[in-house]
Amino acid sequence: MARAGRRRAGPFLGAALVLVSCLSVQVSAAVSATLFDRLGVPGVAGLRQLCAALVLLVLVRPRIRGRTRREWSGIAVYGAAMATMNVAFYHAVDRLPLGVAATLLFLGPFAVAVASVRVVRDAVLPAAGLAGVVLVTRPGGTADWAGISFGLLAALALAVYTVFARRVGRTSTGLDGLALSVGMSAVLLLPFSASAVPAVRGSDWALVAVSGGIGVALAFTLDFVAVKVATAPVVATLFSLDPVMGALVGAVALDESLSAPVLTGIALIVSAGAAVTWRAGRAPPGADEHGGPTPVRRLARTDHRG
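Residues numbered from 1 in each chain as written. Predicted model: local features only at pLDDT ≥ 70, side-chain atom pairs only at ≥ 80, totals over all residues. Heavy atoms only, no water.

Visitor: In this structure, what is going on with the overall build of the chain? I would like to understand it.
Guide: Across its full length, the chain carries 14 helices and zero strands. When the helices and strands of the chain are listed from N to C terminus, the series reads α-α-α-α-α-α-α-α-α-α-α-α-α-α. Across the 306 residues of the chain, 51% fall into the buried class. Considering only residue pairs separated by 6 or more positions, the chain has 86% of its internal contacts joining residues 24 or more positions apart. Surface accessibility of the chain: about 13,800 Å² in total, with carbon and sulfur atoms responsible for 68%. (Helix = DSSP H or I, 4+ residues; strand = E, 2+ residues; numbered from the N terminus. Buried < 20%, exposed > 50% of the residue type's maximum accessible area, 1.4 Å probe, protein only. Contact = heavy atoms within 4.5 Å. Areas by Shrake-Rupley, 256 points an atom, 1.4 Å probe, with all protein chains shown as cover.)

Visitor: What am I meant to see in helix α3 (residues 41-60) here?
Guide: Side chains of residues three or four places apart in an α-helix project in the same direction, reflecting 3.6 residues per turn. For α3, built from 20 residues, the straight-helix expectation of 28 Å at 1.5 Å per residue is met to within 8% by its first-to-last C-alpha distance of 28 Å. In the segment just after α3, R61 is the residue with positive phi, at about 50 degrees. (Expected span 1.5 Å × (residues − 1).)

Visitor: Quick question: what am I supposed to make of a nonpolar patch on the surface here?
Guide: Together, V55, V58 and L59 give the surface a local cluster of nonpolar side chains, amounting to about 310 Å² of exposed area. Position of L59 among the secondary structure elements: in helix α3. The class for L59 is exposed, based on a relative accessible area of 67%. (Patch = residues over 30% accessible without salt bridge, like charges linked within 9 Å, V, L, I, M, F, W, Y side chains within 5 Å. Salt bridge = Lys/Arg side-chain N within 4 Å of Asp/Glu carboxyl O.)

Visitor: Honestly, the packing of aromatic side chains in this entry has me stumped. Any pointers?
Guide: For any pair of aromatic rings, the description consists of the separation of the ring centres together with the inter-plane angle of the planes. According to the stated counting rule, one finds five aromatic pairs in the structure shown. On the numbers, 5.4 Å between centres and 40 degrees between planes, the contact of Y78 with Y161 is tilted. Separated by 83 residues along the polypeptide, Y78 in helix α4 (residues 69-95) and Y161 in helix α7 (residues 145-170) bring together distant segments of the chain. Exposure class is identical for Y78 and Y161. Each is buried. Aromatic side chains F89 and Y90 sit 5.6 Å apart centroid to centroid with 55 degrees between the ring planes, which places their arrangement in the tilted category. Assessed through its relative accessible area of 17%, F89 is described here as buried. Under the relative-accessibility criterion, Y90 is labelled buried at 8%. Members of the aromatic cluster, connected to one another through ring pairs, are Y78, Y161, F220 and F224. (Phe/Tyr/Trp six-rings, centres within 6.5 Å; stacked < 30°, edge-to-face > 60°.)

Visitor: Would you take a moment to explain the nonpolar core for this structure?
Guide: Considering soluble globular proteins, one finds that nonpolar side chains tend to be buried as a cluster. Y78, Y161, L178, V182 and F220 are the most contacted members of the largest nonpolar core, which has 62 residues in total. Filtering out sequence-adjacent residues up to four positions away, Y78 remains in contact with Y161, F164, A165, V168, L178, S181 and F224. (Core = buried A, V, L, I, M, F, W, Y, C linked by side-chain atoms within 4.5 Å.)

What follows is the structure, encoded as structure tokens:
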């Protein structure tokens, strides 16, 4: 009975972790934006990942030896997804309205959530979340195909990130896999972060440290644990809370008004997130909402490497 209780509590704990993660990402984005003009988007992304990697590697002290090729391949893909997602999304934000970029980004986890659907009616919840994102972010028309391409690349990276968080979590103890993956992403972005160092001023290091600590180390840790205690489709749907947090932070910190469409979008997202979390809490262990193996487990069964 205690084990069943923990299973039912998992999705709700995952929802709470994703909520805090989304808030951390928004605060970090506000801090990072002040550095983009001088250090460049890739430079800021690289420095953030480097600071986060140092924090996690020192605190976690992950095991290096004795890992299988399958474990290292998962860590490498997870780290590459982190690096790609950060750089591509901020390039999209640099070219598109934030609402458009945020909507494009959510297409990634939306695809992960829909991939778990076995009957049409179960697509309603992630679709409601996507509709809510569109209302909250209020995307307008744009002809910047480079920005759209970066947004779609960020969405693909976030989808891979969501799935591989679960896979790496299954094959590692504690936060070992996360720490190594963040370290891998920092290494991949090292050429950008190294080139940005000469332009960093004394006070900038504090901003980079806060951005990396809150927006990467803390947020990615919360995401990582959330996918371990819940499932990838649940967490993917809950990622729609990110634009909600952006709208609320804008209203509180920037005195931006919340229009009726925005409030409607928030209601849709919160309702979809609450519903998918409640349904997942009722699902049997090791299964999706229809009793079959989760998409992540089906994916793992088709991977015969390592």
